[in-house]
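# Examining the three-dimensional arrangement
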Amino acid sequence: MKTPKQIVVFLVLLAPVYGWAADIALGIGGFLTTSPYKVDRDDHSVWPVINYDDDTWYIQGDDAGRYLMNDDANELKLKAFFLDQEYKSSRGSTTAMRRLNDRRSTVMSGISYQRTTPIGAVHVQLAGDILNNSQGVLANISYLNQVRLGMLTVIPEFGVDGANGQQTRYYYGVSSMEARRSGLSEYRPSANITPYVSLTADYKLTERWDTYASARGNFLPSTVRDSPMVDGDEIYAFSLGINYNF
């Protein structure tokens, strides 16, 4: 049976191409994410990546949707994206952690708006779980800028992610049943706000080829840090890849 991530990748690779005027790129990327949980190893993977944009429809890796507004200053999108967050009890670093339920990745869908100005861009987003794994809601607000240095483009970003109580409880809560089974303390967290910073760099190797790297740090709030499942104060994510542009 396909996992949600495999399903999303399969659908993305079969997405229709609507016209030759579109920007299309194919590539491959490697991903490493440190886990907030008490587990025996961090998450790492390699996936094919597709980028497609015809000014009406777009695909950007595991994010796809339709523009409702798209000009030099405004981007309004209806979108769906894969939320790559999960906990597999088989990877728990202690007996108690291995007795918890799994937390599954999911697909979120919602709306985003980005306003670009001469001094950078402000991005806001609201999305909900459409697979009903967490039945949660995520919100985001961030500032980002684009700095061009010859063939190199650098994009710094900082912002906050918000998650409602259902989202937080699904990924970090411990139910009364799990507490009895595992010996961990029952934990029922409320909504949380997580600040983050990221940096993305893209280097144009030739007219057709470019390579990129990104790093992001999430700084966990006490609502998350206090969970019996969590080990650490931050989460870090890194990616590295190469694209061919048609």
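This text goes with the structure placed above it.
Below is a short write-up of the structure.

Rules of the game
Residues numbered from 1 in each chain as written. Predicted model: local features only at pLDDT ≥ 70, side-chain atom pairs only at ≥ 80, totals over all residues. Heavy atoms only, no water. Phe/Tyr/Trp six-rings, centres within 6.5 Å; stacked < 30°, edge-to-face > 60°. Helix = DSSP H or I, 4+ residues; strand = E, 2+ residues; numbered from the N terminus. Buried < 20%, exposed > 50% of the residue type's maximum accessible area, 1.4 Å probe, protein only. Lys NZ or Arg CZ within 6 Å of the ring centre and 35° of its normal. Polar contact = N/O pair within 3.5 Å; in protein donor to acceptor, adjacent residues only side chain to side chain.

### What about the packing of aromatic side chains?
The geometry of an aromatic ring pair comes down to the distance between the two centres and the angle between the two planes. Per the counting criterion, the structure on display carries 7 aromatic pairs. Look at Trp209 and Tyr244: their rings are 5.0 Å apart centre to centre, the planes differ by 65°, and that puts the pair in the edge-to-face class. Of the two residues, Trp209 sits in strand 12 (residues 209-219) while Tyr244 sits in strand 13 (residues 234-245), which places them 35 residues apart along the sequence. By relative accessible area, Trp209 is classed as partly exposed at 38%. Take Tyr244: its relative accessible area is 28%, and that puts it in the partly exposed class. Members of the aromatic cluster, each reached through a chain of ring pairs, are Tyr37, Tyr87 and Tyr172. The ring of Tyr196 carries the charged tip of Arg216 above its face, separated from the ring centre by 3.7 Å.

### Structural notes on unusual backbone geometry
Although it is not a glycine, Asp55 adopts a positive phi angle of roughly 75°. Relative to the assigned elements, Asp55 resides in the loop between strand 2 (43-53) and strand 3 (57-60). A positive phi angle, close to 60°, is found at Asn132, a residue other than glycine. Looking at Asn132, the relative accessible area reads 51%, which means it is exposed.

### Remarks on the side chain of Ser134
You can see Ser134 is positioned in the loop between strand 7 (120-129) and strand 8 (137-144). A residue is classified by how much of its surface remains accessible, and Ser134, at 6% relative accessible area, is buried. Looking at Ser134, its side chain comes within polar contact range of the main-chain nitrogen of Gly136, at 3.1 Å. A polar side-chain atom of Ser134 sits 2.6 Å from a polar atom in the side chain of Gln167.

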